[in-house]
Structure formats: structure tokens, C-alpha cells
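Each chain, written out:
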Amino acid sequence: MEAAFNSTSIANPSFTLFFLGLLLLFANSVPLFANAKTHSYDFVVQATKVKRLCKTHNSITVNGQFPGPTLEVNDGDTLAINVVNRARYNVTIHWHGIRQIRTAWADGPEFVTQCPIRPGTSFTYRYTITGQEGTLWWHAHSSWLRATVYGAIIIHPKEGSSYPFPKPTRETPLLLGEWWDANPVDVIDEATRTGGAPNISDAYTINGQPGDFYNCSSQDTVIVPIGSGETNLLRIINAGLNQQLFFTVANHKLTVVGADASYLKPFTTDTIMLGPGQTTDVIITADQLPARYYIAARAYASAQGAPFDNTTTTAVLEYKTAPCPATGGGPIKPINATLPAFNDTATATKFTTSLRSPSKAAVPTEIDESLFITVGLGLLNCPPGARASRNCQGPNGTRFASSMNNVSFVLPSSFSLLQAHQQGIPGVFTTDFPASPPVIFDYTGNVSKALWSPVKATKVYKLKYGSQVEVVLQGTSIFTAENHPIHLHGYDFYIVAEGFGNFNRKRDTAKFNLVDPPMRNTVSLPVGGWAVIRFVADNPGTWILHCHLDVHIGWGLAMVFIVDNGVGELQSLEPPPVDFPVC
């Protein structure tokens with residue numbers, strides 16, 4: 001703007017008045033942008049010594065922090081995040097739940113929207129927050145790096161706006177994670193080599209700390225201070241790799257007000273359940289006797305017979321006026337929290353089915369694209385030439401796999417799908433992902449082993465810009481049934497219904513909530529059941545739909561939507577950044 005001024009224009013009074021008038025007109029016509037800011041960050045991905053469970057590891061972190069930096073912005077703000085890779089692994093960063101309107105290049109999943117940031121190189125992610133408020137998060141989207149490479153994104157309302165509930169006294173992000181007493185990349189590499197399941201985690205964490213019930217951990221347990229009568233907005237994020245988690249605060253009610261950066265009709269509960277990738281905002285009130293209370297999380301393990309980490313992570317809600325011990329020594333022991341049983345599907349279901357939008361929602365009703373997608377595990381026969389004892393350590397000499405509609409998704413390796421789509425590069429993918437399973441069967445019953453082996457391929461499904469889409473996600477009992485957190489990049493969607501058993505359109509359509517269903521970016525697909533989501537395809541790009549259990553996405557539990565450009569610049573993908581990583 002300064003370059004537009006020169007001596008001639010300043011000396012001309014009529015021009016000056018005209019120019020000032022234009023400025024005033026512009027200022028009055030676009031008030032929404034008046035307070036928007038651009039936030040610039042540097043993320044240095046590097047190995048850092050991190051000690052947990054009595055042992056020190058060279059963990060991959062951002063800026064030497066575990067968890068990584070919290071990004072705190074307002075709706076309407078723009079972010080420019082320069083990621084410098086000083087680690088020995090390829091890396092990308094995904095901004096989980098950010099809509100990325102027209103900026104699919106910045107979404108982050110490796111080989112879907114970009115090639116990885118190679119060691120010794122950098123890339124700047126640029127995007128604008130558009131119409132979103134609440135709690136999201138960022139994480140690595142390469143291999144298992146997100147075990148330690150993650151952090152919170154807090155989106156406040158536009159300046160001058162407020163929450164749809166009384167402003168809490170304080171706010172606290174609580175990131176739930178999983179910790180391996182090993183290098184997580186080595187853990188998944190070993191499983192990939194053997195074809196078996198990877199080792200389970202050794203601990204869960206809250207803000208990077210395991211808590212009081214683990215060795216060498218109690219001295220670093222996270223403390224959340226609160227004053228009597230105060231309210232605290234807890235921004236809870238499940239950043240774990242492979243485990244749904246129950247969460248509670250001893251003796252305190254949780255008032256749920258939001259999930260996945262969408263507001264909800266407030267309701268009160270003792271326990272919430274979050275799948276990996278999901279966030280939940282709850283308000284607690286310090287209305288108990290001044291003391292110390294455990295904040296706790298442990299597994300919701302829905303897969304029958306599958307091993308899981310059965311430990312419990314804790315933090316402490318500490319009243320500022322909590323009494324000190326009568327004699328010296330440490331602080332008074334916190335009051336214990338009560339968590340559901342590991343397999344308490346009823347409690348998990350009660351929570352997910354209690355979520356409602358605060359008012360009438362704009363649910364798509366004239367459906368243009370209807371998909372029925374089966375979701376589940378599978379087994380692949382040992383490939384020719386492989387050593388069964390070394391490379392096929394799944395059940396009965398097989399290799400684990402997973403699929404959607406019997407397609408086990410394979411990531412490309414020479415181009416990202418977005419590059420191939422935008423540049424018309426042939427041979428990278430095909431557009432024949434099936435809109436329904438190739439074989440109709442009793443999905444949650446006793447499935448014939450002839451249907452256990454999926455086909456490995458890179459198939460996508462194309463959507464026209466603006467089409468209204470319904471997806472029925474149907475769980476299967478192939479090998480074992482379990483709850484799957486299914487995440488769609490680039491979109492929020494409405495969860496219009498969920499249930500158990502096989503979806504039956506004639507019977508189950510009557511259960512659809514088209515009035516106030518919750519809006520989310522990750523749906524908990526019930527164990528041995530189904531869920532129905534709807535969205536409008538109004539964001540061009542390549543958008544992966546995948547299970548957020550990282551072990552499952554590595555086995556192929558994913559597919560990709562390609563959404564074409566609409567009409568004109570505002571409905572079209574922006575050009576790729578000049579510093580875009582090359583393969």
C-alpha cells in the first residue's frame with residue numbers, strides 16, 4: 001500500500017479525499033477482516049532427548065518440545081508455518097480438522113497432498129482458518145512420527161465475538177498420548193517387515209507425562225490448578241496412535257460444549273470417550289471440597305481378544321486452597337477417579353449418541369452421491385518368495401491387512417495424489433473405487449474366510465464440486481470387529497445416525513437425525529455396527545478418508561475422494577506453493 005503513494009498524489013487534494021473515501025468504504029464493507037492476523041511460526045523437527053519410564057530416548061520432536069507448541073489463533077486468522085526437517089526421517093505435518101478451503105496443498109498427509117519434507121529441507125504451510133472455533137490439533141502424517149510430533153490448535157472466536165456459553169475462568173489443553181519405551185518408527189517398521197501386529201504402547205500420557213501410576217513418573221505428573229468456584233474449559237485431545245480412551249475427573253461433572261471445533265448443545269456426563277484424532281471441549285466447575293483430584297484416562301478396548309495397553313494415565317486437578325499435609329513430606333494423595341471397564345461399549349455409545357448441534361443444522365437432504373463403505377481388517381496370504389517365519393507372522397502364516405470395500409489402500413511413492421490429479425499424471429491412481437462392496441454378505445456375522453483377503457490398489461472416488469454426499473460406514477467382523485475412528489480430511493460432516501449390526505436402509509433411515517446432528521471430522525464407527533455421515537463437497541482437492549488407528553491406515557484402511565474444481569476462482573484449488581516438496 002505504501003508504494004501506491006507518491007508526491008503527486010499527496011499534493012492533489014481531490015485525489016486524497018477520493019482515496020480516503022475509498023478506504024472508509026472498504027473498512028465499512030469488510031468488518032470481518034479488520035482484526036484478522038497472520039501468525040508466523042518456525043517448526044524445527046529434530047531428535048531430542050526425552051526421559052520417560054526411567055529411560056531416555058532420542059525422540060523426534062518439534063522445537064525440542066514434547067508435546068509440541070500450541071498454536072493459539074482466532075477464526076479468520078492466517079497461519080504461515082515453516083517446517084524445517086533436521087531429523088533423519090521424512091516428515092509431513094497435518095493440521096487435523098482445519099478445513100483447508102482451496103489450500104489442499106497445505107493439508108499434509110504424505111503422498112496424498114504432498115511429497116514428504118526430506119531431511120535437511122523445509123516447507124512452509126500457509127492456510128487461513130475459515131468459520132471454525134474450538135479445539136483441533138496438528139501432528140506428523142508420516143510413518144509413526146506422530147507418536148511424539150503433535151500439539152494443540154486452539155481457535156478462539158473472531159475478535160469482538162464470544163463463546164456461546166459463559167466465558168470460563170481459565171482454559172487448559174489436555175493432550176492424551178501413547179508412549180513406547182522404544183523408537184516408535186522401529187516398532188512399526190518391525191511390524192511391517194513381519195506382517196504381524198506391532199507392539200502395544202507402554203504408557204498413556206497427559207501433556208506428555210504418564211502420571212502417578214508409572215515408574216519414574218510421579219514427580220512430573222501434570223498439575224491443573226483451580227480456585228474454588230472457578231470454571232475451567234478443558235480442551236481434550238486424543239493424540240494417541242492406536243487406542244480409544246475414556247476420560248474423567250474424579251468427583252467432578254463434565255459439561256460437554258464442543259467437539260472437533262464445532263459447538264454442541266451442552267450436556268453433563270461423568271465420562272467421555274475419544275478415539276484417536278477426536279477432540280472434546282468440556283467445562284468443569286470447582287464445586288467440590290478443596291482437595292486434589294485425579295484426572296484420568298485409560299483404554300476403551302472394543303476388539304475382542306486383541307492385546308491393548310491396560311494402564312491408566314493421570315494428571316491432578318488441584319484446588320489452590322487444598323490442605324497441606326499435617327506433617328512435612330509430599331502433597332496429600334489425590335482422590336481416585338472411577339473409569340468404565342475396558343470393554344464398556346454401552347458407556348461409549350451413550351456418550352457418542354448424546355452429541356447434538358446447538359441449533360437446527362444445515363444437513364444435506366438432496367443426496368447426489370450415496371456410498372456404502374465396508375470397513376475392517378483382513379489377512380493376506382504369504383507372498384511368493386517370502387519366508388513365513390520372517391515375513392508372515394500374522395495368524396496362520398499370513399500378513400495383516402485392512403480395507404474399505406475390499407480395497408486395501410496403497411499410497412503412491414513417486415508423486416502425491418494431488419500433484420497427479422492437478423497435473424494429469426497418468427498411472428498414479430485409478431478412479432474406480434467402488435461405491436458399494438463388491439460382494440454383499442453378513443457384514444457383522446460369521447464371515448466366510450473366502451472374503452478375508454482384500455485387493456491392494458490405489459483407487460479414488462471422484463466428486464463434482466457442490467455435490468451432496470452420504471456415506472454409510474459399515475463395520476465388519478472380518479478377523480475381529482472393533483470401534484474405528486474414521487477421519488475425513490478437508491471437511492466437517494454431520495453424523496446423522498449410528499447403530500449396531502448390519503445397516504438396513506428400510507429400517508434404519510427412520511433413525512436419521514436431520515435436525516440437530518453433531519458436526520465432526522472424525523466419527524467413532526461402533527464396534528460391529530455402522531454410522532451414516534453427510535457433507536457437501538465444496539472444497540476442491542484430494543481428501544483421504546481413513547481410520548485414525550495408525551496401525552490400520554498402514555494396513556490399508558483408507559480411500560481418497562477427489563473433489564473437482566467448481567466454477568471460478570473461489571471454487572477452485574489455489575496454485576501449488578513455490579517451495580512445494582518434490583519427490
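Predicted, not measured: the structure shown is a model, and the values here were computed from it.

Trainee: What am I meant to see in the overall build of the chain here?
Mentor: Each helix and strand counted, the chain has eight helices and 32 strands in total. Counting only C-alpha atoms and orienting by the principal axes, one finds that the chain spans roughly 85 × 75 × 55 Å. Counting only residues that meet the buried cut, the chain has 57% of its 583 residues in that class. Residue pairs in contact within the chain that sit at least 24 positions apart in sequence constitute 79% of those at least 6 positions apart. With the model as given, the accessible surface of the chain reaches about 23900 Å², and the carbon-plus-sulfur share is 54%. In the chain, the 40 positive side-chain charges and the 43 negative ones have mean positions that sit 5 Å from each other.

Trainee: What am I meant to see in the pairing of strand β7 (residues 134-140) here?
Mentor: Both faces of the sheet carry side chains from a regular strand, because those side chains alternate between them. Burial runs high along β7: seven of the seven residues are buried. Strand direction decides the pairing type here: strand β5 (residues 93-96) and β7, joined by four bridges, are antiparallel. Across the sheet, I93 pairs through a bridge with A140, a residue of β7.

Trainee: Honestly, the sheet that holds strand β12 (residues 231-238) in this entry has me stumped. Any pointers?
Mentor: Within a sheet, adjacent strands bond to each other through the backbone by hydrogen bonds, running parallel or antiparallel. Pairing is mixed across the open sheet formed by six strands, whose spatial order is β10-β9-β12-β17-β14-β15. Two strands bound the open sheet, and with one partner strand each, they are β10 (203-206) and β15 (262-269). Going from strand to strand, the sheet's axes swing by 25° on average, the running direction of each strand aside. Note that strand β14 (residues 254-259) and strand β17 (residues 279-285) share four bridges and pair antiparallel. Within the sheet, the bridge partner assigned to T255 lies in β17 and is I283.

Trainee: What is the right way to read the nonpolar core from this model?
Mentor: A general trend in soluble globular proteins is that nonpolar side chains are found buried together. Of all hydrophobic cores here, the largest spans 94 residues; its most connected members are W95, Y127, L473, F535 and F561. Among the elements that line this core, the one with the most residues is strand β20 (residues 369-381), at six residues. Apart from residues no more than four positions distant in its own chain, Y127 is found in contact with L71, D77, T78, L79, I81, W95, I98, Q100, T103 and A106. Formed by 54 residues, the second largest nonpolar core is a distinct cluster that contains A203, V222, I237 and L245.

Trainee: Can you help me understand the packing of aromatic side chains in this one?
Mentor: One pair of aromatic rings is described through two measures. These are the centre distance and the angle between the planes. Tallied over the entire structure, the rule returns 30 aromatic pairs. Residues Y293 and Y319 carry aromatic rings whose centres are separated by 5.6 Å and whose planes lie at 55° to one another, so their mutual orientation is tilted. Placement of the pair is Y293 in strand β18 (residues 292-300) and Y319 in strand β19 (residues 312-319), with a sequence separation of 26 residues. Of the two residues examined, Y293 and Y319, each falls in the buried class. Taken together through their ring pairs, the aromatic side chains of F43, W95, W105, F123, Y125, Y127, W138 and F580 make up a single cluster. Above the ring of F342, the side-chain terminus of R298 is found at 4.6 Å from the ring centroid. In this structure, K449 packs its charged tip against the face of W452, placed 5.4 Å from the ring centre.

Trainee: Even after reading the chapter, I still don't get unusual backbone geometry, so can you show me in this structure?
Mentor: Note: most residues except glycine have negative phi, and most peptide bonds are trans. A cis geometry characterises the amide bond from F66 onward to P67, with omega recorded as -5°. Considering the arrangement of structural elements, one finds P67 in the loop between β2 (55-62) and β3 (71-74). Look at L53: it is not a glycine, yet its phi comes out positive at around 55°. Along the polypeptide, L53 turns up in the loop between β1 (38-52) and β2. Even without being glycine, C54 reaches a positive phi, approximately 80°. The residue C54 is located in the loop between β1 and β2 in this model. Classification of C54 as partly exposed rests on a relative accessible area of 39%.

Trainee: Just to check I follow, could you spell out the environment of K265 for this structure?
Mentor: When you line up the elements, K265 lands in strand β15. C-alpha separation for the pair K265 and R88, spaced 177 residues apart in sequence, amounts to 45 Å. Discounting chain neighbours no more than four positions away, the residues touching K265 are V256, R356, S357, P358 and D516. Polar contacts involving the side chain of K265 include one to the side chain of D516, which spans 3.0 Å.

About the criteria used
Residues numbered from 1 in each chain as written. Predicted model: local features only at pLDDT ≥ 70, side-chain atom pairs only at ≥ 80, totals over all residues. Heavy atoms only, no water. Helix = DSSP H or I, 4+ residues; strand = E, 2+ residues; numbered from the N terminus. Buried < 20%, exposed > 50% of the residue type's maximum accessible area, 1.4 Å probe, protein only. Contact = heavy atoms within 4.5 Å. Areas by Shrake-Rupley, 256 points an atom, 1.4 Å probe, with all protein chains shown as cover. Lys, Arg positive; Asp, Glu negative; His and termini not counted. Charge placed at Lys NZ, Arg CZ, Asp CG, Glu CD. Pairing = 2+ DSSP bridges. Axes fitted to C-alpha atoms, helices over the stretch in contact; angles between N-to-C directions. Core = buried A, V, L, I, M, F, W, Y, C linked by side-chain atoms within 4.5 Å. Phe/Tyr/Trp six-rings, centres within 6.5 Å; stacked < 30°, edge-to-face > 60°. Lys NZ or Arg CZ within 6 Å of the ring centre and 35° of its normal. Polar contact = N/O pair within 3.5 Å; in protein donor to acceptor, adjacent residues only side chain to side chain.

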